[in-house]
Amino acid sequence: MRPSSALRSVLLLLAAGSMAAAPPAGAAAADRPVPLPHRMADTGGGRQLITAEAPGPGATTGRVTWWDRRRGGRWVAAGSAPARFGANGLVAGDRREQGTSTTPAGLYDLPYAFGIEAPPAGTEYPHRRVTQTSWWCQDNASRSYNRWVEGLPEDCRAAESEHLADYRTQYAQALVIGFNYHRPVRGRGAGIFLHVNGKGATAGCVSVPKDAMERILAWVDRGREPHIAIGTAGGETAITRY
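For the structure given in this document, a descriptive report is provided here.

The rules behind each value
Residues numbered from 1 in each chain as written. Predicted model: local features only at pLDDT ≥ 70, side-chain atom pairs only at ≥ 80, totals over all residues. Heavy atoms only, no water. Helix = DSSP H or I, 4+ residues; strand = E, 2+ residues; numbered from the N terminus. Contact = heavy atoms within 4.5 Å. Areas by Shrake-Rupley, 256 points an atom, 1.4 Å probe, with all protein chains shown as cover. Core = buried A, V, L, I, M, F, W, Y, C linked by side-chain atoms within 4.5 Å. Buried < 20%, exposed > 50% of the residue type's maximum accessible area, 1.4 Å probe, protein only. Pairing = 2+ DSSP bridges. Axes fitted to C-alpha atoms, helices over the stretch in contact; angles between N-to-C directions. Salt bridge = Lys/Arg side-chain N within 4 Å of Asp/Glu carboxyl O. Lys, Arg positive; Asp, Glu negative; His and termini not counted. Phe/Tyr/Trp six-rings, centres within 6.5 Å; stacked < 30°, edge-to-face > 60°. Lys NZ or Arg CZ within 6 Å of the ring centre and 35° of its normal.

**A word on the overall build of the protein chain**
Across its full length, the protein chain holds 3 helices and 14 strands. Once local pairs closer than 6 in sequence are excluded, the contacts in the protein chain between residues at least 24 apart make up 61%. Put simply, the protein chain shows about 12,300 Å² of open surface, and 52% of that area lies on carbon and sulfur atoms.

So, in structure tokens, the structure goes:
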């Protein structure tokens, strides 16, 4: 028995409504946010990346995320944690001045890890153990500027350096950030690390909770050429510019 014309009209309206309600193919994928590394100008060329992003240049808190680049170039987050930055926010690395408590925005390598404590289980990244004679020289007049030294050289003043063992909480575990490291510019800044949280904002480093720092050290792999990108959500220091 054929449906009446009125019934056919109702059925056609229902069918049209269901087609309109169905999302077009690929719409769900298009709605997903694009992973941060895919929006960046440069990720360092390796297969691991740490991003440290603050909402703006005056912020002292934000988020650190560590990423793996899979086959086909797809970046996937391996972990994430709240982060702290310098007490005076962030500034472009090439304009930073030493002693300003600002975190240098930019893209950097990670020369090695260090810690007062033994490296976490699973750590394979090069790791130096802090001793009572370990210092980070920050004296602009020293030949050891922005370098780890065992015992202070004569040209490196203690007042212009960090005695690493004094920072038992922050330097329980850390990664050296390659800011101003390979060709140091005097006066730009020294001793910028990714380390464990202290009591508040940092003097220019990036810090995360201790459990996150330990997870990062167990994850990071020198063979995958890891880098860290530091920046803001927008503006002149936008992380996507690096």
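Once you've had a look at it, read on.
**Comments concerning the nonpolar core**
Counting 30 residues, the largest nonpolar core has I50, V64, L175, I177, L194 and I230 as its most contacted members. Contacts of I230, omitting those with residues within four sequence positions, involve A52, F85, L90, T103, P104, A105, G106, Y108, I177, V206, I239 and Y242.

**Things to note about the sheet that holds strand 10 (residues 161-163)**
Strand order in the open sheet formed by 3 strands is 9-8-10, with antiparallel pairing between adjacent strands. Looking along the sheet, the strands with just one partner apiece sit at the ends: strand 9 (147-150) and strand 10. Taken pair by pair, the neighbouring strands of this sheet meet at an average axis angle of 25 degrees, ignoring direction.

**Remarks on the pattern of salt bridges**
Considering all chains together, one arrives at 5 salt bridges under this definition. With its nearest N and O atoms 2.9 Å apart, the salt bridge here joins D68 to R224. Taken together, the residues D68 in strand 2 (residues 61-69) and R224 in the loop between helix 3 (210-219) and strand 14 (227-232) connect sequence positions 156 residues apart. Exposure remark for D68: the relative accessible area of 10% places this residue in the buried category. Judged by relative accessible area, which is 18%, R224 ranks as buried. A salt bridge links D155 to R143, with the nearest nitrogen and oxygen atoms 3.6 Å apart. Taken together, the residues D155 in the loop between strand 9 and strand 10 and R143 in the loop between strand 8 (134-137) and strand 9 connect sequence positions 12 residues apart. The exposure class assigned to D155 is partly exposed, which follows from its relative accessible area of 24%.

**A short note on the side chain of E162**
Within the secondary structure, E162 sits in strand 10. Buried within the structure, E162 lacks any salt-bridge partner; its nearest side chain of opposite charge belongs to R96, at an N-O separation of 9.7 Å.

**A look at unusual backbone geometry**
Phi angles above zero are rare outside glycine, and N146 is one such case at about 60 degrees. Looking at the element boundaries, N146 is found in the loop between strand 8 and strand 9. Judged by its relative accessible area of 2%, N146 is buried.

**Thoughts on the packing of aromatic side chains**
Evaluated as defined, the whole model comprises 9 aromatic pairs. Between Y112 and W148, the ring centres sit 6.4 Å apart and the planes meet at 65 degrees, which makes this aromatic pair edge-to-face. Remark: W148 occurs in strand 9 and Y112 occurs in the loop between strand 5 (103-109) and strand 6 (113-115); sequence separation between them is 36 residues. The same class applies to Y112 as to W148, namely buried. Where F114 meets F193, the ring centres are 5.0 Å apart and the plane angle is 75 degrees; that geometry is what we call edge-to-face. In this pair, F114 is assigned in strand 6 and F193 in strand 12 (residues 193-196), connecting sequence segments 79 residues apart. These aromatic residues form a ring-pair network of at least three members: Y112, F114, W136, W148, Y167, Y171, Y181 and F193. Against the face of Y181 rests R147, its NZ or CZ located 3.9 Å from the ring centre.

**Focus on the environment of R70**
Assignment of secondary structure puts R70 in the loop between strand 2 and strand 3 (75-84). A relative accessible area of 41% means that R70 is categorised as partly exposed. For the pair R70 and R47, spaced 23 residues apart in sequence, the C-alpha separation works out to 7.5 Å.

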